[in-house]
Amino acid sequence: MHELREGKGRLKTIEPPQREFDVRFRFNIYTEITIPGSHGVGARFRSDGTVESIDGRDIPVGTYQLEADDGEILRVKNVGLNGWVIVALP
């Protein structure tokens, strides 16, 4: 299953020093449902995306909290070379 999440929001560092960025983001989320025998159903996801500072500032590699304008909060990670992933879904 494929889901697209995109919009604007505020990106906040998790580790000191505290920094914030106003950003535009877009993530593709792929969810895989597994049925391992008769022991129940499981799900796992992977994602890829982009996060860009609205004012053009560089965003260092690291893990951040993304607070979307619609109220959703995601934990995301800049893995370098303009690569972003979602670390945790709500």
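## Let's talk about the overall build of the chain
- Secondary structure assignment for the chain yields zero helices and six strands.
- N-terminal to C-terminal, the α/β element order of the chain is β-β-β-β-β-β.
- Along the longest, intermediate and shortest principal axes, the C-alpha atoms of the chain span 50 × 25 × 25 Å.
- Residues counted as buried form 29% of the 90 residues belonging to the chain.
- Within the chain, counting contacts between residues at least 6 apart in sequence, those at least 24 apart form 46% of the total.
- Counting every atom, the chain has about 6,000 Å² of accessible surface; 50% of that belongs to carbon and sulfur.
- Taken together, the 12 basic and 14 acidic charged side chains of the chain have centroids lying 2 Å from each other.

## Looking at the side chain of Thr13
- As for its placement among the helices and strands, Thr13 is situated in strand E1 (residues 2-13).
- In terms of polar contacts, Thr13 uses its side chain to reach the backbone carbonyl oxygen of Pro17, at 3.2 Å.
- Residues within four places of Thr13 in sequence aside, it is in contact with Gln18, Arg19, Thr63 and Tyr64.

## Quick look at unusual backbone geometry
- A cis amide bond links Pro16 to the next residue, Pro17, at an omega of 0°.
- Relative to the elements of secondary structure, Pro17 occurs in the loop between E1 and strand E2 (20-34).
- Residues other than glycine seldom take positive phi values, yet Leu81 does so here, at roughly 50°.
- Take Leu81: it is sitting in the loop between strand E5 (73-80) and strand E6 (83-88).
- For Asn82, which is not glycine, the phi dihedral falls at a positive 60°.
- Looking at where Asn82 falls in the secondary structure, it is placed in the loop between E5 and E6.
- Residue class for Asn82 comes out exposed when judged on its relative accessible area of 70%.

Conventions adopted
Residues numbered from 1 in each chain as written. Predicted model: local features only at pLDDT ≥ 70, side-chain atom pairs only at ≥ 80, totals over all residues. Heavy atoms only, no water. Helix = DSSP H or I, 4+ residues; strand = E, 2+ residues; numbered from the N terminus. Buried < 20%, exposed > 50% of the residue type's maximum accessible area, 1.4 Å probe, protein only. Contact = heavy atoms within 4.5 Å. Areas by Shrake-Rupley, 256 points an atom, 1.4 Å probe, with all protein chains shown as cover. Lys, Arg positive; Asp, Glu negative; His and termini not counted. Charge placed at Lys NZ, Arg CZ, Asp CG, Glu CD. Polar contact = N/O pair within 3.5 Å; in protein donor to acceptor, adjacent residues only side chain to side chain.

So far we have only geometry, and geometry alone does not tell us how the molecule works.
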